[in-house]
Amino acid sequence: MSSGDWQGWLQDWLKDWLKQHPLKTPPEGFERRFRDDVMARIRAEQAPVWRLRWSLEPRWALGLGGALAAVLAVAVIGRSPTLPVQEIEQETAVLFEAGEMAYLADLDLESELREADRLVLAEAAAASPSSSWTEFENDLELLQSMEEEPETPGAGGTDRVTDEELLEELRRVDEAEMANV
Amino acid sequence: MAPDAEIIEAVLRGDTERYGELVERYQLAAWKLAFSFVGNAHDAQELAQDGFVQAYRRLRQFRGASRFSTWLYRIIANECKDFFRAKSRRPGALSLSVDNAEEDSVPFELADPAGDPRDAIDAREVAVRITRAVGRLPMNQRAAFVLRHLNGLSVEEVAEVMGRRPGTVKAHLFRAAEALRGQIEPFLKTEVRR
């Protein structure tokens, strides 16, 4: 039997055999569960973006954690050399009594320090390398999500193929596979 | 029954729940496709569901150049390929390349209570041989064979799903049939003799 005959014969034989022995069917209750599971996952996609990304992308959690740690570190380092407010107030009171620093008389020291801390925190967050990494990841993710699953153009031709066409195609496939190796 | 395009349009307008209609419509075919690749129900379900979720995420990119089902099958076939790539890093994990194929590990229905017991033995033997042969095929040949013969797609549909030209698909089918021939020919000769 030639290869061409064998091909046709095998196709018919397989068709008959699969009629008697089809592919197995899914387990009982499959249809209801399958749809529910898929729709549950899709509804989860509708959840707020930050929650979805947090759960899907551990790097986001690490990035955000890193940024927070950096902010906290800057805040702690920035505050450590300063004295507690009460101590500063005591010292300035002494200086004030001694006639020095009269210009501090109307100053609300606690609110001024709080404002300074806020500025330090804001600058630290803006300058944090983690925040720019996070933005980069965001763009990268966006690009990945835009990656298209291309639809192939409609293909022409029929099931029939001449020996020459087949040989040419086999040669082409072999060459492609060799090139890949 | 609403056409696929109408449902897709509704989903894209924000009526997410209507995607369930597409899931219901194609879930069995999607499961069978994944099952014919991986050979076990659990992985098939997971891969088919992943395919639907991926298709939903990329729905805006679907332009209708092919049928939704073809596009979905393509996504699922790629999921299956990725699955095999991941599994191939763990030797012995390929369902379709088992050496001691038990009845549970062949993806075909074998039981025929009314049939001759000798036929049942033959059917199991053939099923094991087909399963082994398909499991040993390179991925392109396996995909072409599974889509064409086990899922009954036309060569043109297989070409669309695989993103190859029909001629290339025919070449892969030719090679797959040659590999299968070596596996099942001895058995077929005894069958002819009887």
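Parameters and conventions
- All residue numbers here refer to positions counted from 1 along the written sequence of the relevant chain.
- Going through the entries in the order they are written, you letter the chains from A and number the ligands from 1.
- Whole-chain, interface and lining totals are the exception, using all residues; otherwise, since this is a predicted model, local features are given only for residues with pLDDT of at least 70 and side-chain atom pairs are given and counted only at 80 or more.
- Hydrogens and waters are ignored; side-chain quantities use all the structure's heavy atoms.
- The helix count covers DSSP runs of H or I at least four residues long, the strand count covers runs of E at least two residues long, and both are numbered beginning at the N terminus.
- Any residue under 20% of the maximum accessible area for its type is buried, any over 50% is exposed, and the rest in between are partly exposed; the area is computed with a 1.4 Å probe on protein chains only.
- Residue contacts are counted whenever heavy atoms from the two residues lie within 4.5 Å of one another.
- Pairing of aromatic rings covers Phe, Tyr and Trp, the last through its six-membered ring, and needs centres within 6.5 Å; plane angles under 30 degrees mean stacked, over 60 mean edge-to-face, and all others mean tilted.
- Here, a charge over a ring means that NZ of Lys or CZ of Arg falls within 6 Å of the ring centre while also lying within 35 degrees of the ring normal.
- Put simply, buried area is the surface a 1.4 Å probe can reach on two separate parts but cannot reach once they are joined, added for both.
- Here, a salt bridge means any side-chain nitrogen of Lys or Arg that lies within 4 Å of a carboxyl oxygen of Asp or Glu.
- Identification of polar contacts relies on pairs of N or O atoms within 3.5 Å, with a donor-acceptor requirement for protein atoms, meaning one able to donate a hydrogen and the other able to accept it, and with residues adjacent in sequence counted only if both atoms are side-chain atoms.
- Residue polarity follows a fixed list, in which Ala, Val, Leu, Ile, Met, Phe, Trp, Tyr, Cys and Pro are nonpolar, Asp, Glu, Lys and Arg are charged, and the others, Gly among them, are polar.
- Simply put, an axis is a line fit to the C-alpha atoms, just over the touching stretch for a helix, and the angle between two N-to-C directions goes from 0 to 180 degrees.
- Note on angle classes: values under 35 degrees are labelled roughly parallel, values over 145 roughly antiparallel, values of 65 to 115 roughly perpendicular, and the remainder oblique.
- The crossing is said to be left-handed when, going from far helix to near helix, the turn is anticlockwise and less than a right angle, and right-handed when the turn is clockwise.
- Each nonpolar core is a collection of buried residues, namely Ala, Val, Leu, Ile, Met, Phe, Trp, Tyr and Cys, held together in the definition by side-chain atoms within 4.5 Å.
- Each helix should span, by expectation, one fewer than its residue count multiplied by 1.5 Å.
- It is the directions from the helix axis to the C-beta atoms whose arc is reported.

1. A few points about the overall build of chain B
Right, on to step 1. Secondary structure summary: chain B contains eight helices and zero strands in total.
Right, on to step 2. In chain B, the order of α-helices and β-strands from amino to carboxyl end is α-α-α-α-α-α-α-α.
Right, on to step 3. Taken over 194 residues, chain B has a buried fraction of 56%.
Right, on to step 4. For chain B, long-range pairs separated by at least 24 residues make up 60% of all intrachain contacts whose partners lie at least 6 apart in sequence.

2. Some remarks on the packing of aromatic side chains
Right, on to step 1. A complete count under the given rule lists twelve aromatic pairs over all chains for this structure.
Right, on to step 2. Aromatic pair B:Trp31 and B:Phe35: ring centres 4.7 Å apart, planes at 10°, arrangement stacked. One end of the pair, B:Trp31, and the other, B:Phe35, are both in helix H2 (residues 19-38), four residues apart, so they sit about a helical turn from each other. This pair shows no difference in class: B:Trp31 is buried, exactly as B:Phe35 is.
Right, on to step 3. Taken together through their ring pairs, the aromatic side chains of A:Phe30, A:Phe34, B:Trp31, B:Phe35 and B:Phe52 make up a single cluster.
Right, on to step 4. Between the NZ or CZ atom of B:Arg142 and the centre of the ring of B:Phe84, over which it lies, the distance is 4.4 Å.

3. Remarks on the interface of chain A and chain B
Right, on to step 1. On the side of chain B, 71 residues touch chain A, which itself brings 56 residues to the contact.
Right, on to step 2. At the boundary of chain A with chain B, total buried surface from both sides reaches about 5,800 Å², with 58% on carbon and sulfur atoms.
Right, on to step 3. One can count six salt bridges joining chain A with chain B.
Right, on to step 4. Two residues, B:Glu24 and A:Arg35, come together in a salt bridge whose shortest N-O distance is 2.7 Å.
Right, on to step 5. The interface formed by chain A and chain B holds 17 residue pairs in polar contact (both at pLDDT 80 or more) in total.
Right, on to step 6. When grouped by side-chain class, the residues that make up the side of chain A that touches chain B number 25 nonpolar, 13 polar and 18 charged.

4. Thoughts on the pattern of salt bridges
Right, on to step 1. Counted by the stated rule, this structure contains 16 salt bridges over all chains.
Right, on to step 2. Put simply, B:Arg67 and B:Glu157 hold a salt bridge, and the shortest N to O gap is 2.4 Å. Residue B:Arg67 is located in the loop between helix H3 (41-57) and helix H4 (68-87), and its partner B:Glu157 is located in helix H7 (residues 155-162); the two are separated by 90 residues in the primary sequence.
Right, on to step 3. Classification of B:Glu157 as partly exposed rests on a relative accessible area of 24%.
Right, on to step 4. Overlapping salt bridges, with partners in common, bring together A:Glu168, A:Arg171 and A:Glu175 in one network.

5. Comments concerning the environment of B:Ala55
Right, on to step 1. If you trace the backbone, B:Ala55 turns up in helix H3.
Right, on to step 2. If near-sequence neighbours (up to four positions away) are discounted, B:Ala55 is found in contact with B:Tyr19, B:Phe68, B:Trp71, B:Leu72 and B:Ile75.

6. Side note on the environment of B:Leu12
Residues and elements named next belong to chain B.
Right, on to step 1. Mapped onto the elements of the fold, Leu12 is located in helix H1 (residues 4-12).
Right, on to step 2. With 47 residues separating them in the primary sequence, Leu12 and Leu59 have C-alpha atoms 7.5 Å apart.
Right, on to step 3. Leaving out residues up to four positions away in the same chain, Leu12 has contacts with Leu59 and Arg60.

7. Quick notes on the packing of helix H6 (residues 139-150) of chain B against H7(B)
Residue and element names in this part refer to chain B.
Right, on to step 1. For the pair H6 and H7, interaxial distance at closest approach is 9 Å and the crossing angle is 135°. The pairing of H6 with H7 is recorded here as oblique in orientation. Once H6 is placed against H7, the crossing between them reads as right-handed. Listed contacts from H7 to Asn140, Ala143, Ala144, Leu147 and Arg148 of H6 are Val155, Val158, Val161 and Met162.

8. What about the nonpolar core?
A general tendency of soluble globular proteins is for nonpolar side chains to be buried together.
Right, on to step 1. Of all hydrophobic cores here, the largest spans 75 residues; its most connected members are B:Tyr19, B:Phe37, B:Phe52, B:Phe68, B:Phe108 and B:Ile130.
Right, on to step 2. Here this core gets eleven residues from one element, more than from any other, and that element is H2(B).
Right, on to step 3. Counting residues in hydrophobic clusters, the runner-up holds five residues, among them A:Leu170, A:Val173, B:Ala171 and B:Phe174.

9. Here we look at helix H8 (residues 163-180) of chain A
Residue and element names in this part refer to chain A.
Right, on to step 1. Its 18 residues place the ends of H8 25 Å apart at the C-alpha level, agreeing with the 26 Å of an ideal helix rising 1.5 Å per residue.
Right, on to step 2. Among the residues of H8, Leu166, Glu169, Leu170 and Val173 are the ones counted as buried. One side of H8 carries all its buried residues, which in axial view fall inside an arc of 100°. Across from the buried face of H8, at angles greater than 90 degrees, the exposed residues are Glu164, Leu167, Met178 and Ala179.

10. Thoughts on the packing of H2(B) against H3(B)
The description of two helices packed together rests on the angle between their axes and the distance between the axes.
Residue and element names in this part refer to chain B.
Right, on to step 1. Relative orientation of the contacting elements H2 and H3 amounts to 135°, with a least axis distance of 8 Å. If you check the angle between H2 and H3, you find them oblique. Like other packed secondary-structure pairs, H2 and H3 cross with a definite hand, here right-handed. Between H2, through Tyr19, Leu22, Val23, Tyr26, Gln27, Ala30, Trp31, Ala34, Phe35 and Val38, and H3, the contact on the second element is made entirely by Ala41, Asp43, Ala44, Gln45, Leu47, Ala48, Phe52, Ala55 and Tyr56.
Right, on to step 2. When grouped by side-chain class, the residues that make up the contact of H2 with H3 number 16 nonpolar, two polar and one charged.

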